[in-house]
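The chain contents come next:
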Amino acid sequence: MDAVARAAALRAEIARHDHAYYVLDAPTVPDAEYDRLFRELQALETAHPELRTADSPTQRVGGRPLSQFAPVRHRVPMLSIRTETDTEASGADAFDARVRRELGLADADARVEYAAELKFDGLAINLRYEDGVLVQAATRGDGETGEDVTQNIRTVRAIPLRLKGTAPAVLEVRGEVYMRRDDFEQLNARQLAAGEKTFVNPRNAAAGSIRQLDPAVAAKRPLSFFAYGLGETIGWPVPATHAEVLDALQAHGFPVCEHRAVLSGAAGLADFHARIAALRDALPFDIDGVVYKVNSLALQQQLGFVTREPRWAVAHKYPAQEAVTLLRDIEVQVGRTGALTPVARLEPVFVGGVTVTNATLHNQDEIDRKDVRIGDWVIVRRAGDVIPEVVAPVPERRAGELPRFDLLARFPRCPVCGSHVVRGMDEAVARCTGGLFCPAQRKQALLHFAGRRAMDIDGLGEKLVDQLVDAAIVKTPVDIYRLGILALANLERMGEKSAQNLLAAIEKSRHTTLARFIFALGIRNVGEATARDLARHFGKLDALLAADEAALQQVPDVGPIVAKSIVEFLGEPHNREVIEQLRAAGVSWQEGEPKDAVSGRLAGRTLVLTGTLPTLSREEAKAMIEGQGGKVAGSVSKKTDYVVAGEEAGSKLAKAQELGITILDEPGLMALLGN
Ligand code: IVH
């Protein structure tokens, strides 16, 4: 195959894969294979520059930065669309009534057929194909003249550089360039990581990307496209209806949104409006309404347009999901885990179909990133059922200097319980340290306390904890041990029998282990394994209570973060109080002897020394063994783990041999000690 034919074959194959991936959302080749084809085409074009055609996929990126966009006069004006702001079904009735009146239809006449589709929230673009090849892309501008954004549009992989099927002399395709919500989130995350400015919403991100003068930057923006109409056509068989136009565009390789329908009469339109409203939040991109178009192109012609708006189309809106209002104050909400969430107190504003007075600000980092300050005018967003959020301030409307908001300075103490608020080194959230005491964390703390791996109180589950806390019978864990049969039996769905069972379970839990007790406290970053390490290391609760961060870090696997969590928790007087009350209420466990920090190597092992070791004295050997948590016994028994034998070992050695116990010499002991 010669180079010309090979290049053509590669272009066609890459275009097929692009279409499969970006339009059909059904990839046909692995990325590596795609890259290989792409590189082969690039190499061919480098060797033979004359093979570099306008529709080559290598030409999607590569243009130079522009100093400005050239104006483009639209051959067919790009009309705008009338919006129906009545977001109720009556909005559809009004449009249908107007169309019928303009067409001179009587009530008895047949219903008008409409094509309904989504109103995408992006940027309108006219794509001009000559002999099947994309030659120019332009923005709408004022409808007469737009801007030439061909270089940037080429970077949008969902837009074909060459039409599939038979190529007409001229075909202008109109549609919307937009950004999917997930792509938008990822783009913003990348912008943030690169220290660049983030975008307020997907529409701004899409429009900003297309208006980029440097196509290399535009190429990195994840843009998508939906076709929804026509501009100039020459030599293209125009179908009779709008629905057929969309099907034809799809056949030419354009992405056309699947949520479209042909409907009849006002009822059909209202139905579509309601159906899409229910779908709105689940769509991967933003829409701000639906669009109804008279389906017959002949009727469209007959209806014509007034000023720049066709009489045959309307955009039927949904309640706006964004609005601007005044940020009056920032307060905090304490969650079940003690996390403090900053909440914006807003001048009430109607958005997303309801009046919003509060919106989340997520955390301090988000406030810093958006630079939101009390007294700012802010954009509030409420999409569907999600919690309203403050998207960004409107900096032009900031009246003078406003202080930055510092959550820890404003709320050094938990607004719910008064305990200290802390923020971990690498953590985004600030937290209340009053775990056992804080009413906001009560239910969570109690459930954890009673859990199977903690105090193991059988039967004390979520429903019961809810009831007990809501009835103010139980506030802190110690109240559990003060429960009486009467209080319990009076609860809903709780008979005397189950009350008795629960009391028995509570009674049983009084006798536990130190490790379980420590775990039950629900100290942040202290899981079951850490609780066990702490219990083994300190042996006694009082030793743990007295430990500072340095002492805590002596425990195997306890680093600075865990040590800090423990000190913060135990530093909170309320938590101490609950611990003391629990002890006073009879919660108890077997206390052990504290174990050395670096122990563990010989923890739980028993050794017997016999004979004279070459270098170590008996006292030295004993100290080293105990230093590693081992025990030194005077006589050999089945419980002996090792016998360390030196010169002139006597009966102990014989006994060890008899029992099959491992015998070590001094180097063997040193190895065991890790020396
Ligand atoms: S048709 C004859 N269809 O809405 C009407 N426009 O003012 C020409 N838009 O910015 C437009 N989705 O980009 C049409 N399915 C859709 C649309 C749509 C969004 C935008 C369009 C323009 C505005 C119309």
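Conventions and cut-offs
- Residues numbered from 1 in each chain as written.
- Predicted model: local features only at pLDDT ≥ 70, side-chain atom pairs only at ≥ 80, totals over all residues.
- Heavy atoms only, no water.
- Helix = DSSP H or I, 4+ residues; strand = E, 2+ residues; numbered from the N terminus.
- Rg over C-alpha atoms; globule rule 2.2 N^0.38 Å.
- Buried < 20%, exposed > 50% of the residue type's maximum accessible area, 1.4 Å probe, protein only.
- Contact = heavy atoms within 4.5 Å.
- Areas by Shrake-Rupley, 256 points an atom, 1.4 Å probe, with all protein chains shown as cover.
- Pairing = 2+ DSSP bridges.
- Near = heavy atom within 4 Å.
- Polar contact = N/O pair within 3.5 Å; in protein donor to acceptor, adjacent residues only side chain to side chain.
- 1 Å grid on protein atoms, 1.4 Å probe; cavity = no way out; pocket = protein on both sides within 12 Å on 5 of 7 lines; lining within 4 Å.
- Sits in = over half its atoms within 2 Å of the grid points.
- Nonpolar A, V, L, I, M, F, W, Y, C, P; charged D, E, K, R; others polar.
- Core = buried A, V, L, I, M, F, W, Y, C linked by side-chain atoms within 4.5 Å.
- Points joined across faces, edges and corners; volume = space filled by probe spheres on them.
- Axes fitted to C-alpha atoms, helices over the stretch in contact; angles between N-to-C directions.

A few points about the overall build of the protein
When you go through the protein residue by residue, the secondary structure sums to 26 helices and 26 strands. Its C-alpha atoms give the protein a radius of gyration of 37 Å, more than 25% over the compact-globule value 26 Å for 675 residues. Overall size of the protein, expressed as C-alpha extent along the three principal axes, is 115 × 75 × 55 Å. For the protein, buried positions account for 46% of its 675 residues. Here the contacts in the protein between residues at least 6 apart in sequence split such that 66% fall between residues at least 24 apart. Total accessible area on the protein stands at roughly 32,500 Å², and carbon and sulfur atoms take up 51% of it.

Concerning the sheet that holds strand β13 (residues 313-317)
Strand order in the open sheet formed by five strands is β2-β13-β10-β3-β9, and the pairing between neighbours is mixed. Among the strands making up the open sheet, the edge pair consists of β2 (83-84) and β9 (261-264). Summarising the sheet, strand β10 (residues 287-294) and β13 pair through five bridges and their orientation is antiparallel. Looking at β13, one finds that Gly289 is bridged to Lys317.

Side note on the site of the ligand
Close to the ligand lie 14 residues, the nearest being Glu117, Leu118, Glu176, Tyr228 and Lys293. Residue Leu118 places a main-chain N or O atom 2.8 Å away from a nitrogen atom belonging to the ligand. Taking Lys293, its side chain carries an N or O atom lying 3.0 Å from a nitrogen atom of the ligand. Computed on the free molecule, the ligand has an accessible area of 520 Å², of which 86% lies beneath the protein chains in the complex. With respect to the pocket detection grid, the ligand is positioned in the largest pocket. For the shell around the ligand, the element with the highest residue contribution is strand β3 (residues 113-120), accounting for four residues. The class makeup of the residues in the shell around the ligand is nine nonpolar, one polar and four charged.

So, the nonpolar core
Counting 54 residues, the largest nonpolar core has Ile457, Leu460, Ile480, Tyr481, Phe517, Leu534 and Leu552 as the members making the most contacts within it. Per element, the largest residue contribution to this core is six residues, and it comes from helix α18 (residues 514-520). Setting aside anything within four residues of it in sequence, one finds Ile480 in contact with Leu446, Phe449, Ile457, Leu460, Val474 and Ile506.

A few points about empty space enclosed by the protein
Scanning all chains against the criterion turns up three cavities of 30 Å³ or more. Of the volumes computed, that of the largest cavity is approximately 50 Å³. In terms of lining, the largest cavity is formed by Val72, Arg73, His74, Arg75, Asn126, Arg128, Gln136, Ala137, Ala138 and Glu172. For the lining of the largest cavity, the elements supplying multiple residues, two or more each, are β1 (71-73), β4 (123-130) and β5 (133-139). Ranked by residue count, the leading element in the lining of the largest cavity is β5, at three residues. When its residues are assigned to classes, the lining of the largest cavity shows three nonpolar, three polar and four charged.

A short note on unusual backbone geometry
A positive phi angle, close to 50 degrees, is found at Asp131, a residue other than glycine. Locating Asp131 in the fold gives a position in the loop between β4 and β5. For Asn525, which is not glycine, the phi dihedral falls at a positive 70 degrees. For Asn525, the position within the fold is in the loop between α18 and α19 (528-538).

Things to note about the sheet that holds strand β23 (residues 606-610)
Each strand in a sheet pairs with another by means of backbone hydrogen bonds, the pair being arranged parallel or else antiparallel. Across the sheet, which stays open at both edges, the four strands sit in the order β24-β23-β25-β26 with parallel pairing between neighbours. With one partner strand each, in any of the chains shown, β24 (631-633) and β26 (662-664) form the two edges of the open sheet. Geometrically, the sheet is characterised by an average inter-axis angle of 35 degrees between neighbouring strands, direction not taken into account. In the sheet, β23 pairs with β24 via three bridges, with the strands oriented parallel. Residue Thr606 lies in a different strand from β24, and its bridge partner there is Lys631. Across the sheet, helix α24 (residues 618-627) touches β23 and β24, and the angle it forms with β23 is around 170 degrees.

The values are spatial; any link to function lies outside them.
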